[in-house]
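Chain by chain, the residues:
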Amino acid sequence: MNKKWWKEAVVYQVYPRSFMDSDGNGLGDINGITSKLDYLKELGIDVIWVCPMYKSPNDDNGYDISDYQAILEDFGTMEDFDRLLEEVHTRGMKLIIDLVINHTSDEHPWFVESRSSRHNPKRDWYVWRDEPLNWESIFGGPAWEYDEKTGQYYLHVFSKKQPDLNWENPEVRNELFKMINWWVAKGIDGFRVDAISHIKKEYSNVPDLDGHLFVPSWEKMMNVDGIQPLLQELYDETFSKHDIMTVGEANGVSADEIHDWVSPENGKFNMIFQFEDIGLWNTEVRNGVNVPELKTVLSKWQEKVNGNGWNALFIENHDRPRIVSTWGNDQSYWRESATALGCMYFFMQGTPFIYQGQEIGMTNAPFEELDHFDDVHTHNLYFHKKESGMEHDAIMTVLRATSRDHSRTPMQWNSSNHAGFSDVLPWMGVNPNYEWLNVEAQENDPHSVLSFYKQMIWLRKNMDVFVYGDYQLVDMNHDSVFAYTRENEDDKVLVVTNLAQHAVLCAVDPEDSTLLLANHQSIDPAQLLPYEARVYKIPKDTNLNG
Ligand code: GLC
């Protein structure tokens, strides 16, 4: 298999607002990130992905950009960014940034011009119609917003302060390509490409027999036919010219389509984030993950992508609640489930991404009232569910389980005031469990979640088989056990995790094996304890499926 630096890398995702506040205003910032680079280096990180740090009115915390070539003042200056980049490089790491090009902020000068009159030369840079289509926005409510001044509707797939750019217009594309190449010339090492499966639309109504004003309209605005030539041009004009890492956020793309997205011959990205496993957790309540389905979905991606491209591996990001509180158990099996879920995904074939705080097992926050939430999506959801007649208490139950804000509470560095994130009250409440759940408390504990992550990273760096080896699912004949092997010419390893909060009788004691990693201190060959995880090196000729 073709070796590449970005295949061997471990990536760490930073949400700048919540990572580290260096100047005492309660908001994380760029110098805060720089101050924590030694921590990331020590953890074993190769690539840091920084979520949007561009100028923005922050309707969607920076995913609504008003200037692609300026830094948000709250976060610092372009000099601060340049220093961050330099310090990352000095330590032998790389930096990738978020590229949000499906939409801009409504405060971007392009949109300000576009909405100023029907005849403005930039009118066609966005999508305007006399009559709205019956599409629902991904953030809830109608996707078309009426603009009084010019008497037309504009499209926003996300919030109404995030108007969609018109990718059919070559001027728009050229302007975006110039901006992308400008960042690469600055020395950044790649991009996480936001919402990129939405750039092509099919402008017609969704058939709706019940006559609703707006209805879910994924087939009109996500991975629509005709998207590939647009992606091809993006690739040809930008990514293909540089040795950078690209990961596309590709909602709606199936494992059968990866040839066009990530293959060495035809792919437009090095890898993509897939969305298929999202539905495996019943988001209305907390009840763990459907392990048989999870095995099916992840194994399908492993098999289809093997030899045809590359996977992006992740279980957390800034858009999902914390994994230990959703797929795991953040009470009685907090440490065990945080490590078992980590072990399950981390050793698959692909580039692993770790979201800030995941490496210490950060949990969902005890949000109670609506005003504890910040996220525009969460608030929209409340508003539209209320409008559709749902009771307040029922909506709050959904929000408490599903809100994206759970992953956006400040990073928990130590047990001092505000978790060591800031000297003053942070922009969003710190999770009260910071008193015991924090980096400092775990750093010198060999059995901590953090130490487990360090060991996983060390193993992946020191055994090629964890990077390039073939994946094979092992059927342990048990619903809650997720086991697989990785194998290359020289080595074979076995990863076994029990993703349930009960022990299972299951013989795992391969002959002549060496235990490389475990999250329990004593090993019983006849059973797996709740959320037990083990990694073995096993002889090449061991046949576990036979
Ligand atoms: C992506 C981002 C998300 C954002 C949305 C709109 O899904 O991950 O945070 O709200 O795009 O830009």
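Residues numbered from 1 in each chain as written. Predicted model: local features only at pLDDT ≥ 70, side-chain atom pairs only at ≥ 80, totals over all residues. Heavy atoms only, no water.

Undergrad: Teacher, can you tell me more about helix H12 (residues 334-346) here?
TA: Counting along an α-helix, one turn takes 3.6 residues, and residues three or four places apart therefore face a common direction. An ideal rise of 1.5 Å per residue puts 18 Å on 13 residues; H12 measures up with 18 Å between its terminal C-alpha atoms. Of the positions making up H12, those classed as buried are Trp334, Glu336, Ser337, Ala338, Thr339, Ala340, Leu341, Gly342, Cys343, Met344, Tyr345 and Phe346. (Helix = DSSP H or I, 4+ residues; strand = E, 2+ residues; numbered from the N terminus. Expected span 1.5 Å × (residues − 1). Buried < 20%, exposed > 50% of the residue type's maximum accessible area, 1.4 Å probe, protein only.)

Undergrad: Can you help me understand the side chain of Thr104 in this one?
TA: Relative to the helices and strands, Thr104 resides in the loop between strand E5 (94-99) and helix H5 (109-114). Side chain to side chain, Thr104 and Tyr126 meet in a polar contact 2.8 Å long. If sequence neighbours within four positions are ignored, Thr104 has contacts with Ile65, Tyr68, Trp110, Phe111, Tyr126, Lys161, Gln162, Pro163 and Leu165. (Polar contact = N/O pair within 3.5 Å; in protein donor to acceptor, adjacent residues only side chain to side chain. Contact = heavy atoms within 4.5 Å.)

Undergrad: For this particular structure, what's the right way to read the site of the ligand?
TA: Near the ligand you find 13 residues, and of these Asp60, Asp194, Glu249, His318 and Asp319 are the closest. Within the contact set of the ligand, an oxygen atom lies 2.9 Å away from a side-chain nitrogen or oxygen of His103. Here an oxygen atom of the ligand and a side-chain polar atom of Asp194 are 2.9 Å apart. Surface burial for the ligand is 95%, taken as the share of its 310 Å² of free accessible area covered by protein chains. For the shell around the ligand, the per-class residue count stands at 3 nonpolar, 3 polar and 7 charged. (Near = heavy atom within 4 Å. Areas by Shrake-Rupley, 256 points an atom, 1.4 Å probe, with all protein chains shown as cover. Nonpolar A, V, L, I, M, F, W, Y, C, P; charged D, E, K, R; others polar.)

Undergrad: Explain the sheet that holds strand E1 (residues 11-14) to me, please; I cannot follow it from the model alone.
TA: Hydrogen bonds along the backbone pair up the strands of a sheet, which may run parallel or antiparallel. Spatial strand order, E11-E10-E9-E5-E2-E1-E13-E12: 8 strands in an open sheet with parallel pairing. Unpaired on one side and paired on the other, strand E11 (271-273) and strand E12 (312-313) mark the two borders of the sheet. Relative to strand E10 (residues 245-249), strand E9 (residues 190-193) is paired through 4 bridges, and the arrangement is parallel. When the sheet's bridge partners are listed, Phe191 is paired in E10 with Thr246. (Pairing = 2+ DSSP bridges.)

Undergrad: For this particular structure, what's the right way to read the packing of helix H6 (residues 170-186) against helix H8 (residues 227-237)?
TA: The relative placement of two packed helices is expressed as an angle between their axes plus a distance between the axes. Where H6 contacts H8, the axes come no closer than 10 Å and their chain directions differ by 35°. In this structure, H6 meets H8 at a crossing whose hand is right-handed. Contacts between H6 and H8 involve Arg173, Phe177, Ile180 and Asn181 from the former and Leu230, Glu233, Leu234 and Glu237 from the latter. Residue composition of the contact of H6 with H8, by class: 4 nonpolar, 1 polar and 3 charged. (Axes fitted to C-alpha atoms, helices over the stretch in contact; angles between N-to-C directions. Left-handed = near helix turned anticlockwise from the far one by under 90°.)

Undergrad: Which parts of the structure should I look at to understand helix H16 (residues 449-462)?
TA: With 14 residues, H16 extends 20 Å from end C-alpha to end C-alpha; this agrees with the ideal 20 Å at 1.5 Å per step. H16 sits mainly inside the fold: 10 of its 14 residues count as buried. Taken as a whole, H16 has its buried residues at Val449, Leu450, Ser451, Phe452, Tyr453, Lys454, Met456, Ile457, Leu459 and Arg460.

Undergrad: When you look at the packing of helix H4 (residues 78-90) against H6 in this model, what are you seeing that I'm missing?
TA: Where H4 meets H6, the axes come as close as 11 Å, and the angle between the chain directions of the two elements is 55°. Looking at the two axes, H4 sits oblique to H6. Residue-level inspection shows Met78, Phe81, Asp82 and Leu85 of H4 in contact with H6, the latter providing Trp182, Trp183 and Lys186. Looking at the contact of H4 with H6 residue by residue, the classes come out as 5 nonpolar, no polar and 2 charged. (Parallel < 35°, antiparallel > 145°, perpendicular 65-115°, else oblique.)

Undergrad: Whenever I open this one, the packing of aromatic side chains confuses me. Can you help?
TA: Aromatic rings considered in pairs are described by the distance between their centres and by the relative angle of their planes. The final tally for this structure, using the stated rule, is 35 aromatic pairs. Ring centres of Trp135 and Tyr203 lie 5.9 Å apart, and the angle between their planes is 10°; this geometry places the pair in the stacked category. Taken together, the residues Trp135 in the loop between strand E6 (128-129) and strand E7 (144-147) and Tyr203 in the loop between E9 and helix H7 (218-221) connect sequence positions 68 residues apart. Residue classification places Tyr203 among the partly exposed residues on the basis of a relative accessible area of 34%. With 5.0 Å between their ring centres and 55° between their planes, Tyr146 and Tyr153 make a pair best called tilted. Among the aromatic side chains, those forming a connected cluster through ring pairs are Tyr54, Tyr68, Phe81, Trp110, Trp125, Trp182 and Trp183. It is Lys36 that lies over the ring of Trp413; its NZ or CZ is 4.1 Å from the centre. Seen from the ring of Trp125, Lys122 lies directly overhead, with NZ or CZ sitting 4.8 Å from the centre. (Phe/Tyr/Trp six-rings, centres within 6.5 Å; stacked < 30°, edge-to-face > 60°. Lys NZ or Arg CZ within 6 Å of the ring centre and 35° of its normal.)

Undergrad: Would you mind going over the pattern of salt bridges with me for this structure?
TA: Side chains carrying opposite charge are able to pair once their charged atoms draw close together. Counting across every chain of the model gives 34 salt bridges. A salt bridge links Asp130 to Arg118; its shortest N-O distance comes to 3.6 Å. Pair noted here: Asp130 is in the loop between E6 and E7 and Arg118 is in the loop between H5 and E6, with a separation of 12 residues, a long-range link. For the salt bridge of Glu175 with Lys178, the shortest nitrogen-to-oxygen distance reads 3.5 Å. With a gap of 3 residues between them, Glu175 and Lys178 both fall in helix H6, about one helical turn apart. (Salt bridge = Lys/Arg side-chain N within 4 Å of Asp/Glu carboxyl O.)

Undergrad: Would you mind showing me how to read the pairing of E10 here?
TA: A regular strand places its side chains on the two faces of the sheet in alternate fashion. Within E10, 5 of the 5 residues are buried, leaving the element largely enclosed by the surrounding structure. Alternating residues of E10 divide into Met245, Val247 and Glu249 and Thr246 and Gly248, and every residue in both groups is buried.

Undergrad: How do you make sense of the side chain of Ser18 when you look at a structure like this?
TA: Among the secondary structure elements, Ser18 is positioned in the loop between E1 and helix H2 (30-35). Within polar-contact distance, the side chain of Ser18 engages the backbone oxygen of Arg408 at 2.6 Å. Once residues within four sequence positions are removed from consideration, Ser18 is found in contact with Gln356, Arg408, Thr409, Pro410, Met411, Phe421 and Trp427.

Undergrad: Just checking my understanding: could you explain the sheet that holds strand E15 (residues 481-487) for this structure?
TA: Spatially, the 5 strands line up as an open sheet ordered E14-E15-E16-E20-E18, and their pairing is antiparallel. The strands lining the two open edges of the sheet, one partner per strand, are strand E14 (470-474) and strand E18 (514-518). Averaged over all pairs of adjacent strands, the angle between their axes in this sheet comes to 20°, without regard to strand direction. In this structure, E18 lies alongside strand E20 (residues 533-537), joined through 4 bridges in antiparallel fashion. Considered in E20, the bridge of Leu517 is made with Val535. Sitting on the sheet, helix H10 (residues 291-305) is in contact with E14 and E15, with an inclination near 20° to E15.

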